[in-house]
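# Structural overview for review
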Amino acid sequence: MDALVRFLQLLVLLLTLPLHLLALLGCWQPLCKTYFPYLMAVLTIKNNRIIEVKKRELFSQIKKFARASGNAALLELGCGTGANFAFYPPGCRITCLDPNPRFEKFLRKGMAENKHLKYERFVVASGEDMRQLADGSMDVVVCTLVLCSVESPKKVLQEVQRVLRPGGVLFFWEHVAEPRGSWALMWQQVLEPTWKHVADGCCLTRETWKDLESAQFSELEMERQPPPCKWLPVGPFIMGKAVK
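Note on numbering: residues in each chain are counted from 1, in written sequence order. At least 70 in pLDDT is required for a residue's local features to be given in this predicted model, at least 80 for side-chain atom pairs to be given and counted, and no such filter applies to totals for whole chains, interfaces and linings, which use all residues. Excluding hydrogens and water, the side-chain figures rest on all heavy atoms present in the structure.

## Considering the nonpolar core
For clarity, the cut-off: Note on terminology: a nonpolar core comprises buried Ala, Val, Leu, Ile, Met, Phe, Trp, Tyr and Cys residues joined through side-chain atoms within 4.5 Å. Only protein chains enter the accessibility calculation, which uses a 1.4 Å probe. A residue is then buried if its area is under 20% of the maximum for its type, exposed if over 50%, and partly exposed in between. Here a strand is any run of E in DSSP of at least two residues, a helix any run of H or I of at least four, and the numbering for each starts at the N terminus. Two residues qualify as a contact provided that any one of their heavy atoms is within 4.5 Å of a heavy atom in the partner residue.
Ranked by internal contacts, the top residues of the largest apolar core, which has 32 residues, are Ile62, Tyr88, Ile94 and Phe171. Elements with a minimum of two residues in this core: α3 (28-59), β1 (72-77), β2 (92-98), α4 (104-112), β4 (138-144), β5 (164-175) and β7 (237-243). Here isoleucine 94 is in contact with Leu74, Phe85, Tyr88, Met111, Leu117, Lys118, Tyr119, Glu120 and Arg121, once residues within four sequence places are set aside. Membership of the second largest hydrophobic core comes to 28 residues, among which are Ala73, Leu75, Met130 and Trp209.

## A few points about the packing of helix α1 (residues 2-15) against helix α6 (residues 183-198)
Rules: In this analysis, axes come from line fits to C-alpha atoms, helices being fitted only over the stretch in contact, and the angle between any two N-to-C directions falls in the range 0 to 180 degrees. Each angle receives one of four descriptions, namely roughly parallel if under 35 degrees, roughly antiparallel if over 145, roughly perpendicular if within 65 to 115, and oblique otherwise. Take the far helix as your reference; a near helix turned counterclockwise from it by less than a right angle gives a left-handed crossing, and one turned clockwise gives a right-handed crossing.
Direction vectors running N to C along α1 and α6 enclose 40°, while the axes themselves pass 9 Å from each other. Between α1 and α6, the crossing angle belongs to the class labelled oblique. Remark: the crossing between α1 and α6 carries right-handed chirality. In this structure, α1 uses Leu4, Val5, Leu8, Gln9 and Val12 to contact α6, whose residues at the interface are Trp183, Met186, Trp187, Gln189, Val190, Leu191, Pro193 and Thr194.

## Quick notes on the side chain of glutamine 188
Within the secondary structure layout, glutamine 188 lies in helix α6. Look past the residues within four positions of glutamine 188 in its chain and what remains in contact with it is Val176, Ala177, Glu178, Leu204, Thr205, Pro233, Val234 and Gly235.

## What to know about the layout of surface pockets
To be explicit about the condition: Cavities and pockets are found on a 1 Å grid laid over the protein atoms alone: a cavity is a set of points where a 1.4 Å probe fits but cannot escape, a pocket is an open set with protein on both sides within 12 Å along at least five of seven lines, and a lining residue has an atom within 4 Å of such a point. Grid points are joined across faces, edges and corners, and a volume is the space filled by probe spheres set on the points. Gly is placed with the polar residues, together with every amino acid not listed as nonpolar (Ala, Val, Leu, Ile, Met, Phe, Trp, Tyr, Cys and Pro) or charged (Asp, Glu, Lys and Arg).
Its volume calculated, the second largest pocket comes out at about 340 Å³. Lining the second largest pocket are 15 residues, and of these Thr44, Ile45, Thr81, Gly82 and Glu113 sit closest to its centre. Of all the secondary-structure elements, those providing two or more residues to the lining of the second largest pocket are α3 and α4. When residues of the lining of the second largest pocket are assigned to their parent elements, the largest contribution, 4 residues, is made by α3. Residues of the lining of the second largest pocket, tallied by class, amount to 7 nonpolar, 6 polar and 2 charged.

## Looking at the packing of aromatic side chains
Heads up, the condition is: Between 30 and 60 degrees the pair is tilted, below 30 it is stacked and above 60 it is edge-to-face, where a pair is any two Phe, Tyr or Trp rings, Trp via its six-membered ring, whose centres lie within 6.5 Å.
Per the counting criterion, the structure on display carries 6 aromatic pairs. Taking 4.3 Å as the distance between ring centres and 20° as the angle between the ring planes, the aromatic pair formed by tryptophan 173 and phenylalanine 237 counts as stacked. Residue tryptophan 173 is found in strand β5, and its partner phenylalanine 237 is found in strand β7; the two are separated by 64 residues along the sequence. Take tryptophan 173 and phenylalanine 237: they sit in the same class, and that class is buried. Grouped by ring-pair contacts, the aromatic residues Phe59, Phe65, Phe85, Tyr88 and Phe171 constitute a single cluster.

## Description of empty space enclosed by the protein
With the rule as written, the count across this model stands at 1 cavity of 30 Å³ or more. Together, Ile51, Lys54, Lys55, Leu58, Trp173 and Met239 line the largest cavity. With 4 residues, α3 is the largest single contributor of residues to the lining of the largest cavity. Tallied by class, residues from the lining of the largest cavity come to 4 nonpolar, no polar and 2 charged.

Structure, rendered in structure tokens:
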């Protein structure tokens, strides 16, 4: 199967050769950083309609981790266009972190539409290096469709544990690789080199559940879900929480 994967990868590369040449010349990444926020703004609306019930179920638990005042310091990693804002309970003080500064105008629009939240600040940084955030400063960290595109999920989870207070929680919703040996995984492997360019670094074949299991949280709850969009190569999803 490895030989077949390599052959099909080459075929896809030839079919998308202009894209790969632009990437090789360093021209594609600036274009991607510009158009990707607009693409995500469109996809977010459709995606939220599909998974609204699951998101409400997941984020309704945030209230359990709020402080005595009823407020919760919440950090959203790879916040994108603010797809989760409508599902957060009142009293959340939101810090947004994303390496792409072009998302900020979408975030401001999202916060204006969600008056039940308090917008603290937008931090331009990667999840692997959150030095602008103090140790133990967050009650809640939210990470949805982020660990697929970071350089090192392990380092991101280490930083998450650093910024969380003792007893704080990470809520996650991430797509992962299809089962090993399946035809679905084979097609993910075939499409991944091209998909990473189209989807701003998104990897299709990560086994993110292993990173979460090895991160040594005191408590980990995780469930597996089928992909919401059958026409995309994005595989099954894992959803749950990890307590520091």
